[in-house]
2 protein chains.
Amino acid sequence: MEEVKGLVVSNHDLVYNALSFSTAALGIAFVYFLVSRNRIAPAYRNAITMSAMICGIAAYHYWRMFSNFSGGEWNEGYRYADWLLTVPLLVAELVVVSGVSKEVAKKVTPRLVIAALLMIATGYPGEVAAHGSSDRTLWGAISGAFMLYVLYELFAGEVGKTLKTQTGEIGKKLNNLRYLLVFTWGIYPIFYILGDSTSWLAEQIGLSPEEATTVIQVGYSASDVLAKAGYGLVIMSIALSRSESEGYRAA
Amino acid sequence: MEEVKGLVVSNHDLVYNALSFSTAALGIAFVYFLVSRNRIAPAYRNAITMSAMICGIAAYHYWRMFSNFSGGEWNEGYRYADWLLTVPLLVAELVVVSGVSKEVAKKVTPRLVIAALLMIATGYPGEVAAHGSSDRTLWGAISGAFMLYVLYELFAGEVGKTLKTQTGEIGKKLNNLRYLLVFTWGIYPIFYILGDSTSWLAEQIGLSPEEATTVIQVGYSASDVLAKAGYGLVIMSIALSRSESEGYRAA
């Protein structure tokens, strides 16, 4: 575990507040999805349970990161442990609400889950590599390649094709979900690059090492809230529409 | 994070007790709303879930503020992180029980939520600005303008007009809810002003800087309990009346 150093007070407070905010937002999203499960028809309920699990796992890790950070230390491992558990769930729940047949789901889900696992597992050595090192670039690129594969499946693969056939309100919401996914996932690599003050992008902006640390931590935190709690809300709204259109009524 | 200084023992204890009291009141309100959800017809149940979430988020932040304060530090960011999450939910749940049509709700809710977010986001730079500075006045005024817009919608806008058409017991309770909202929201700016001992109002009363700090912290804490737990109870009572009048009986 490294020590957090070189953060001036205002940057320190920003990271501190971002970690606490994410703990609260994700913790309450966990509770919300848990208690809202029975508003959803049984066929889609598991997607909401997955949202609850994702937010619960993330709230736990933000709690740990907050305690760690406010104790003056930092362990990037928490983020990657979190993502290793939550990112495969995020892609799996998208398949549940996408409307693909059971056969397609059974074929596509393991592929997507494995790609998501590899994306996180190969991102970690890059994240903890020395700033400016070729290791950071290399592992970042490998991790990015797995992300591109996942996005390819969701846009051009079988899931993508099925999504395109969905019409009406549900089709519109599924489309929003995909764009939310691309947007929230797409900003992680940007923060990964900006977090290294020696990177081309960070140098263009003129980030000092401590500013780069602040940007990466606040950026990852905001992305996590959007990609987990926000994403879960869109999934919930799709599942509610599907439940309604199938005549399901909560008791 | 600043150090808490200049509070004499009696004032320190008052703030300390207020933070603990609010943690307890809001924490238990969180549990109460969670377990009472199924007394309410499904159509209004989400409003009760929102009450639970609001109180849960606030209990978390009071817990953090208490730990922080009793450790000799203070971070005003907790209050604003709390409000950033809870205030949009407060206005959204009012729309749910107001009786407006789904179409009106879909149109009005995003407007109100954005105004509420801006009210909190612009209040924060004022809160942390130096006492007596023009920044404190300017940001306070901008934040207050967003509050006036929210109140305008709830009284004179479409939500307000619909509320006025509700009769009988439900109409009376909705009216109480509105007045509770105006009262509890209206006192925040007063504490904001009193918290700065150089303000005109604080000087009239003759508050010392430490008294001003005590007044703002105890005042915000009391307002939060009323505006979240108290407000939730009125929402619950309205939702119960609506459920009953629609023949809903909890299983």
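Residues numbered from 1 in each chain as written. Chains lettered and ligands numbered in written order. Predicted model: local features only at pLDDT ≥ 70, side-chain atom pairs only at ≥ 80, totals over all residues. Heavy atoms only, no water.

Notes on the interface of chain A and chain B
Taken together, the contact pairs 23 residues of chain A with 24 residues of chain B. The junction of chain A with chain B conceals about 1,900 Å² of combined surface from both sides, 61% of it contributed by carbon and sulfur atoms. The tally of links from chain A across to chain B stands at one salt bridge. Put simply, Glu169(A) and Lys106(B) hold a salt bridge, and the shortest N to O gap is 3.9 Å. There are seven residue pairs in polar contact (both at pLDDT 80 or more) connecting chain A and chain B. (Contact = heavy atoms within 4.5 Å. Buried area = accessible area lost by both parts, 1.4 Å probe. Salt bridge = Lys/Arg side-chain N within 4 Å of Asp/Glu carboxyl O. Polar contact = N/O pair within 3.5 Å; in protein donor to acceptor, adjacent residues only side chain to side chain.)

Considerations on the relation of the copies chain A and chain B
Mapping chain A onto chain B is achieved by rotating through 74° and translating by 0.6 Å along the same axis, at an RMSD of 0.1 Å. Considering both components of the superposition, the chain copies are consistent with a five-fold axis. (Least-squares fit on C-alpha atoms with pLDDT ≥ 70 in both.)

Examining the packing of helix H4 (residues 102-128) of chain A against helix H5 (residues 134-155) of chain A
All names here are of chain A. Closest axis-to-axis distance for the H4/H5 pair is 8 Å, and the angle between their directions is 160°. Our classification of the angle between H4 and H5 gives roughly antiparallel. As for the relative orientation of H4 and H5, their crossing is left-handed in sense. Touching Val108, Arg111, Leu112, Ala115, Ala116, Leu118, Met119, Thr122, Gly123, Pro125, Gly126 and Glu127 of H4 are Asp135, Arg136, Trp139, Ile142, Ser143, Phe146, Met147, Tyr149, Val150, Glu153 and Leu154, all from H5. Grouping the amino acids of the contact of H4 with H5 by side-chain chemistry returns 14 nonpolar, four polar and five charged. (Axes fitted to C-alpha atoms, helices over the stretch in contact; angles between N-to-C directions. Helix = DSSP H or I, 4+ residues; strand = E, 2+ residues; numbered from the N terminus. Parallel < 35°, antiparallel > 145°, perpendicular 65-115°, else oblique. Left-handed = near helix turned anticlockwise from the far one by under 90°. Nonpolar A, V, L, I, M, F, W, Y, C, P; charged D, E, K, R; others polar.)

Quick word on the packing of aromatic side chains
Two descriptors summarise a pair of aromatic rings, namely the distance from one centre to the other and the angle between the planes of the rings. Inspection of every chain in the model, using the stated rule, returns 20 aromatic pairs over all chains. Taken together, a centroid distance of 4.9 Å and an interplanar angle of 50° make the contact between Tyr16(B) and Phe66(B) tilted. Of this pair, Tyr16(B) sits in helix H1 (residues 9-36) while Phe66(B) sits in helix H2 (residues 42-70), and the two are 50 residues apart along the sequence. For Tyr16(B), a relative accessible area of 31% translates into the label partly exposed. On the numbers, 5.9 Å between centres and 35° between planes, the contact of Tyr188(B) with Tyr220(B) is tilted. Within this pair, whereas Tyr188(B) is found in helix H7 (residues 168-194), its partner Tyr220(B) is found in helix H9 (residues 209-245), the two being separated by 32 residues in sequence. A relative accessible area of 2% places Tyr220(B) in the buried class. In this structure an aromatic cluster arises from ring pairing among Tyr80(A), Trp83(A), Tyr124(A), Tyr188(A) and Tyr220(A). We note Arg178(A) situated over the ring of Phe155(A); from NZ or CZ to the ring centre the distance is 4.3 Å. Its guanidinium or amino end placed over the ring of Trp63(A), Arg64(B) lies 4.3 Å from that ring's centre, counting from NZ or CZ. (Phe/Tyr/Trp six-rings, centres within 6.5 Å; stacked < 30°, edge-to-face > 60°. Buried < 20%, exposed > 50% of the residue type's maximum accessible area, 1.4 Å probe, protein only. Lys NZ or Arg CZ within 6 Å of the ring centre and 35° of its normal.)

Regarding the pattern of salt bridges
All chains considered together, the criterion is met by 19 salt bridges over all chains. Residues Asp224(B) and Arg79(B) are paired through a salt bridge, measuring 3.7 Å at the closest nitrogen-oxygen approach. Of the two residues, Asp224(B) is situated in helix H9 and Arg79(B) in helix H3 (residues 77-98); the sequence distance between them amounts to 145 residues. Since its relative accessible area comes to 1%, Arg79(B) is described here as buried. Residue Glu153(B) is joined to Arg111(B) by a salt bridge in which the shortest nitrogen-to-oxygen separation is 3.1 Å. Of this pair, Glu153(B) sits in helix H5 (residues 134-155) while Arg111(B) sits in helix H4 (residues 102-128), and the two are 42 residues apart along the sequence. You can call Arg111(B) partly exposed: its relative accessible area is 33%. Residues joined in a network through salt bridges with shared partners are Glu76(A), Arg79(A), Asp82(A), Asp224(A) and Lys228(A).

A short note on the side chain of Arg136(A)
Residues and elements named next belong to chain A. With respect to the helices and strands, the residue Arg136 is situated in helix H5. Engagement of the side chain of Arg136 in a polar contact is seen with the backbone oxygen of Glu127, the distance being 3.2 Å. A polar contact is formed between the side chain of Arg136 and the backbone oxygen of Tyr192, at a distance of 2.6 Å. In contact with Arg136, other than residues within four places in its own chain, are Gly126, Glu127, Ala129, Ala130, His131, Tyr192, Gly195, Asp196 and Ile216.

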